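Each chain, letter by letter, is given below.
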Amino acid sequence: MNRFTIRPLDLRTDAELVHGWVTHPKSVYWMMQGFSLTDVEREYMAIAAAEHHDAFIGLHGSTPAFLMERYDPAHVELKGLYDPEPGDVGMHFLVAPTDTPVHGFTRAVITAVMTELFADPATRRVVVEPDVRNTAVHALNKAVGFEAVRELAKPEKTALLSVCTRAAFEGARR
């Protein structure tokens, strides 16, 4: 199950795919329910143009399987909401919705995402801010080494700020 690769999102070829993923009923915490294809394209064009935010497609073998975003939390998403440390990297991920889930697949995906982020020696911590109601992702985050820090009031949600150090991630993989 660990045959994952990650490549930059290409709106010319990925827009319809990503639109289907982010607007799917199972992707409610992605907060794009009701977005048109044009809305999703606009959102990801803004990310592509941003200096401190990137989007990627994760492949399982040759099949697109997840969406990953990497951002600098000192400039995007968490700017002014917490005290960033040098080496902090923000992350979002979304596994492609499916009617036939595979046990352990989502954990394998988040492990691949974290491995990719920590492949950069400058990354000291990964920072996330999922919705406080998303208990499934909180459990998943904890399983790979994240520690909850505190709740944050964001304009679109109440988030649970959580961080994962390189050491905590490596310890969770043992």
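Structure: see above.
Below is a short write-up of the structure. (Residues numbered from 1 in each chain as written. Predicted model: local features only at pLDDT ≥ 70, side-chain atom pairs only at ≥ 80, totals over all residues. Heavy atoms only, no water.)

### Brief notes about helix 3 (residues 105-118)
Then step 1. For helix 3, with 14 residues, the first-to-last C-alpha span of 20 Å sits near the 20 Å given by 1.5 Å per residue.
Then step 2. Burial analysis of helix 3 places 10 of its 14 residues in the buried class, the great majority of the element.
Then step 3. Among the residues making up helix 3, those that are buried are Phe105, Ala108, Val109, Ile110, Thr111, Ala112, Val113, Met114, Leu117 and Phe118. (Helix = DSSP H or I, 4+ residues; strand = E, 2+ residues; numbered from the N terminus. Expected span 1.5 Å × (residues − 1). Buried < 20%, exposed > 50% of the residue type's maximum accessible area, 1.4 Å probe, protein only.)

### Quick look at the sheet that holds strand 7 (residues 158-165)
Then step 1. Strand order in the open sheet formed by 7 strands is 1-2-3-4-5-7-6, with mixed pairing between adjacent strands. Looking at the sheet topology across the chains shown, the edges are occupied by strand 1 (4-8) and strand 6 (147-153). Between one strand axis and the next, the sheet turns through 30° on average, direction left out of account.
Then step 2. Contacts from helix 1 (residues 11-22) reach strand 1, strand 2 (53-60), strand 3 (63-71) and strand 4 (88-95), with the element oriented near 80° to strand 3. (Pairing = 2+ DSSP bridges. Axes fitted to C-alpha atoms, helices over the stretch in contact; angles between N-to-C directions. Contact = heavy atoms within 4.5 Å.)

### Points about the packing of helix 3 against helix 5 (residues 166-173)
Describing two packed helices takes the angle between their axes plus the distance from one axis to the other.
Then step 1. Here helix 3 crosses helix 5 at 140°, and the two axes come no closer than 11 Å. Taken as a pair, helix 3 and helix 5 cross one another with a handedness that is left-handed. Every residue of helix 5 that contacts helix 3 at Arg107, Thr111, Met114, Thr115 and Phe118 is listed here: Arg166, Phe169, Ala172 and Arg173. (Left-handed = near helix turned anticlockwise from the far one by under 90°.)

### Considering the environment of leucine 67
Then step 1. Among the structural elements, leucine 67 can be located in strand 3.
Then step 2. You can call leucine 67 buried: its relative accessible area is 0%.
Then step 3. Here the alpha-carbon distance between leucine 67 and glycine 145, two residues 78 residues apart in the chain, equals 21 Å.

### Quick word on the environment of alanine 108
Then step 1. As for its placement among the helices and strands, alanine 108 is situated in helix 3.
Then step 2. Alanine 108 gets classed as buried once you look at its relative accessible area, which sits at 10%.
Then step 3. Counting along the chain gives 102 residues from alanine 108 to isoleucine 6, while the straight-line C-alpha distance between them is 13 Å.

### Some words on unusual backbone geometry
Among all residues except glycine, the phi angle is most often negative; among peptide bonds, the trans geometry is most common.
Then step 1. Positioned with a positive phi, methionine 31 is a non-glycine residue whose angle comes to about 60°.
Then step 2. Along the chain, methionine 31 falls in the loop between helix 1 and helix 2 (37-49).
Then step 3. Residue methionine 31 is classed as partly exposed on the basis of its relative accessible area, which comes to 36%.
Then step 4. Of note, glutamate 77 is a non-glycine position whose phi angle comes to about 70°, a positive value.
Then step 5. Along the chain, glutamate 77 falls in the loop between strand 3 and strand 4.

### A closer look at the side chain of aspartate 88
Then step 1. Following the sequence through the fold, aspartate 88 ends up in strand 4.
Then step 2. Classification of aspartate 88 as buried rests on a relative accessible area of 8%.
Then step 3. Within the structure, the side chain of aspartate 88 is placed 2.7 Å from the side chain of tyrosine 82, a separation counted as a polar contact.
Then step 4. A polar contact of 2.9 Å, which involves the side chain of aspartate 88, links it to the backbone nitrogen of glutamate 85.
Then step 5. Contact partners of aspartate 88, with chain neighbours within four places excluded, come to Pro73, Tyr82, Arg125 and Val127. (Polar contact = N/O pair within 3.5 Å; in protein donor to acceptor, adjacent residues only side chain to side chain.)

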